[in-house]
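Spelled out from the first residue to the last, the chains are:
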Amino acid sequence: MNRLIAAVLASLTAIAMHSAEVERYQYNEYYYQRSSLFEVMPIANSDIVFVGNSLTNGGRWHEMFGDNLRVKNRGIISDVVQGIADRIKPVTDGHPQKIFLLVGINDISHHLTADSIATAVENLVATIRRDAPSSTLYLQSMLPINNDFHRYRNLIGTETEVLKTNVLLEQVARRHGVQWVNLFPAFADRECKLIKSFTSDGLHLNSDGYRVWRREVARYVGLDIDADAAPLSQIKPSDIVLLGNSLVSGAEWHELAANAVVKSRTVGSDAVDYLPKLAASVANHHPKRVVLLPSYVANADAASRMALVPDSIVSAMTRAIDAIKAASPQTEIVLQGMMPVNGAYEKYATLVNAKVMKSLNGKLKKLARRNGVAWVDLMATFADSTGELKPEFTNDGFHLMGCGYAAWAALLSPYLK
């Protein structure tokens with residue numbers, strides 16, 4: 001009987017440990033959207049890859065280094081060391097020329113100690129060195145934070161932990177013979193806080209911050225660019241620019257199109273209300289082509305913060321097209337139809353109405369014809385028989401997985417050349 005009890009207890013313990021492990025490594029929807037995107041965009045052995053969390057994710061790295069297709073962004077918002085370890089294989093499989101790694105601040109916000117973070121990073125470094133021995137690895141220090149903004153309560157009082165972690169990370173770099181890139185001094189004020197002019201929230205960087213980051217790593221990246229004088233990112237007359245919401249910003253379009261002049265610009269909201277102003281701003285730079293994606297109307301009372309209001313959506317797209325034509329008559333315009341959503345996810349259920357969506361897309365198509373602009377219907381590719389976003393393309397009902405972006409890029413390919 002004692003043996004039976006012991007066996008049962010052992011089994012329960014094993015199950016509990018397994019459950020804890022599974023729960024610990026359940027990442028958010030964006031992690032899976034972005035990591036699945038990376039799986040459909042292979043890395044080449046001549047590439048220079050930036051890997052990290054939201055700080056890396058937020059950089060337009062290929063634009064920052066002269067619209068260079070070799071420079072790849074593999075950052076994911078909110079990512080932690082284990083998250084990178086779980087998705088590093090597509091990077092190491094490509095044996096890129098260089099890998100720039102920055103990680104740790106989200107681990108600190110999850111109350112991990114400097115020792116545990118350093119140990120996890122050391123394991124990650126060892127994995128990269130083993131699986132991509134020909135790649136040159138650059139381990140970057142964590143940046144300072146500035147809690148004067150009172151934005152991230154889990155980071156309050158962690159300034160010392162950042163410093164401790166950086167000391168240990170430098171030791172990891174030395175033990176494994178990888179290049180240590182100490183970014184911290186370039187971003188810190190006299191109190192070792194993130195310089196306020198580099199941020200709007202005490203953690204993430206603005207354009208001035210990214211300019212400093214580019215300057216600090218430029219000599220390691222090794223491309224022919226004046227890191228002090230060259231524009232951080234800009235729209236040029238040869239560019240093809242996708243405009244829209246977070247569906248557009250979720251992809252690395254230049255990689256999907258294999259075209260360095262393909263770029264994206266988005267607003268901070270998924271609602272279409274802000275698109276006309278963005279279109280006017282981009283058109284002032286006279287790009288070759290603009291590819292527009294309509295979206296829903298802002299609605300603060302809805303779970304999705306959006307509403308399906310056809311007349312308002314058509315009006316917004318009309319104003320966007322008019323703004324582009326007024327500012328840059330020579331710019332070609334492509335108007336896409338609405339991207340469907342999947343109502344199985346409660347947050348977006350109120351946006352599902354096949355009849356209204358069909359009518360709306362008909363109005364948008366007529367708008368394209370009246371203005372002499374190209375029309376791309378998304379429903380035929382993305383909608384199921386009920387008019388909802390096909391489940392294999394999404395994990396939250398609105399945003400796309402990697403296979404969805406691959407299908408979208410194929411559909412747009414004639415306009416991304």
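Located above this text is the structure these notes cover.
Scoring rules and cut-offs
- Residues numbered from 1 in each chain as written.
- Predicted model: local features only at pLDDT ≥ 70, side-chain atom pairs only at ≥ 80, totals over all residues.
- Heavy atoms only, no water.
- Salt bridge = Lys/Arg side-chain N within 4 Å of Asp/Glu carboxyl O.
- Helix = DSSP H or I, 4+ residues; strand = E, 2+ residues; numbered from the N terminus.
- Buried < 20%, exposed > 50% of the residue type's maximum accessible area, 1.4 Å probe, protein only.
- Pairing = 2+ DSSP bridges.
- Axes fitted to C-alpha atoms, helices over the stretch in contact; angles between N-to-C directions.
- Polar contact = N/O pair within 3.5 Å; in protein donor to acceptor, adjacent residues only side chain to side chain.
- Contact = heavy atoms within 4.5 Å.
- Core = buried A, V, L, I, M, F, W, Y, C linked by side-chain atoms within 4.5 Å.
- Parallel < 35°, antiparallel > 145°, perpendicular 65-115°, else oblique.
- Left-handed = near helix turned anticlockwise from the far one by under 90°.

1. Points about the pattern of salt bridges
Link 1 in the chain: Applying the stated rule across the entire model yields 19 salt bridges.
Link 2 in the chain: Here Glu63 and Arg265 are joined by a salt bridge, their closest N and O atoms 2.8 Å apart. Here Glu63 is found in helix α4 (residues 61–64), whereas its partner Arg265 is found in strand β7 (residues 262–266), with 202 residues between them in sequence. Each member of the pair Glu63 and Arg265 is classed as buried.
Link 3 in the chain: For Asp79, the salt bridge goes to Arg87, with nearest N and O atoms at 2.8 Å. In terms of burial, Asp79 and Arg87 fall into one category: buried.
Link 4 in the chain: Through salt bridges with shared partners, one network takes in Asp47, Lys72, Arg74 and Glu255.

2. Describing the sheet that holds strand β3 (residues 98–102)
Link 1 in the chain: Reading across the sheet, the five strands line up as β2-β1-β3-β4-β5 and stay open at both edges, with parallel pairing between neighbours. The open sheet has two edge strands with one neighbour each: β2 (71–75) and β5 (179–181). Averaged over all pairs of adjacent strands, the angle between their axes in this sheet comes to 20°, without regard to strand direction.
Link 2 in the chain: Here strand β1 (residues 48–52) runs beside β3; their pairing, made up of five bridges, is parallel. Along β3, the bridge assignment pairs Val51 with Leu101.

3. Regarding the pairing of β1
Link 1 in the chain: Within β1, five of the five residues are buried, which leaves the element mostly enclosed by the surrounding structure.
Link 2 in the chain: Residues Ile48, Phe50 and Gly52 point to one face of β1 and Val49 and Val51 to the other, with burial holding for every one of them.
Link 3 in the chain: Relative to β2, β1 runs parallel, the two sharing five bridges. Looking at β2, one finds that Val51 is bridged to Arg74.

4. Structural notes on the side chain of Lys263
Link 1 in the chain: Turning to its location among the elements, Lys263 is positioned in strand β7.
Link 2 in the chain: What makes Lys263 buried here is its relative accessible area of 2%.
Link 3 in the chain: Of note is the side chain of Lys263, whose polar atom sits 2.7 Å from the backbone oxygen of Gln234.
Link 4 in the chain: Residues in contact with Lys263, not counting those within four places in the same chain, are His62, Glu63, Asp67, Gln234, Ile235, Lys236, Asp239, Ile240, Val241 and Leu242.

5. Comments concerning unusual backbone geometry
Link 1 in the chain: Positive phi, close to 55°, is recorded for Asp67, a residue that is not glycine.
Link 2 in the chain: Backbone geometry places Cys192, a non-glycine residue, at a positive phi of 65°.
Link 3 in the chain: In this structure, Cys192 sits in the loop between α10 (184–187) and α11 (207–221).
Link 4 in the chain: According to the relative accessible area criterion, Cys192 is partly exposed, its value standing at 36%.

6. Looking at the nonpolar core
Link 1 in the chain: Counting residues in each nonpolar core, the largest one holds 68 residues, and the members touching the most others are Trp253, Leu292 and Trp408.
Link 2 in the chain: At seven residues, the largest contribution of residues to this core is made by helix α15 (residues 310–327).
Link 3 in the chain: With sequence-adjacent residues up to four places away left out, Trp408 is seen in contact with Leu247, Val248, Trp253, Leu293, Gln336, Met339, Leu378, Phe382 and Leu400.
Link 4 in the chain: Core analysis: the next-biggest nonpolar cluster, separate from the first, contains 31 residues, Val49, Ile105, Ile145 and Leu203 among them.

7. Description of the sheet that holds strand β6 (residues 240–244)
Link 1 in the chain: If you trace the five strands from one edge of the open sheet to the other, you get β7-β6-β8-β11-β12, paired in parallel fashion. With one partner strand each, in any of the chains shown, β7 and β12 (374–376) form the two edges of the open sheet. On average, each strand axis in the sheet is tilted by 20° relative to the strand beside it, whichever way the strands run.
Link 2 in the chain: Pairing of strand β11 (residues 332–336) with β12, which is carried by three bridges, proceeds in the parallel orientation.

8. Quick look at the packing of α15 against helix α16 (residues 354–371)
Link 1 in the chain: The geometry of α15 relative to α16 is characterised by a closest axis approach of 10 Å and an angle of 20° between their N-to-C directions. For the element pair α15 / α16, the angle class is roughly parallel. The two elements α15 and α16 cross, and the hand of that crossing is right-handed. Listed contacts from α16 to Pro310, Asp311, Ile313, Val314, Met317, Thr318, Ile321, Asp322 and Lys325 of α15 are Val356, Leu360, Lys363, Leu364, Leu367 and Asn371.

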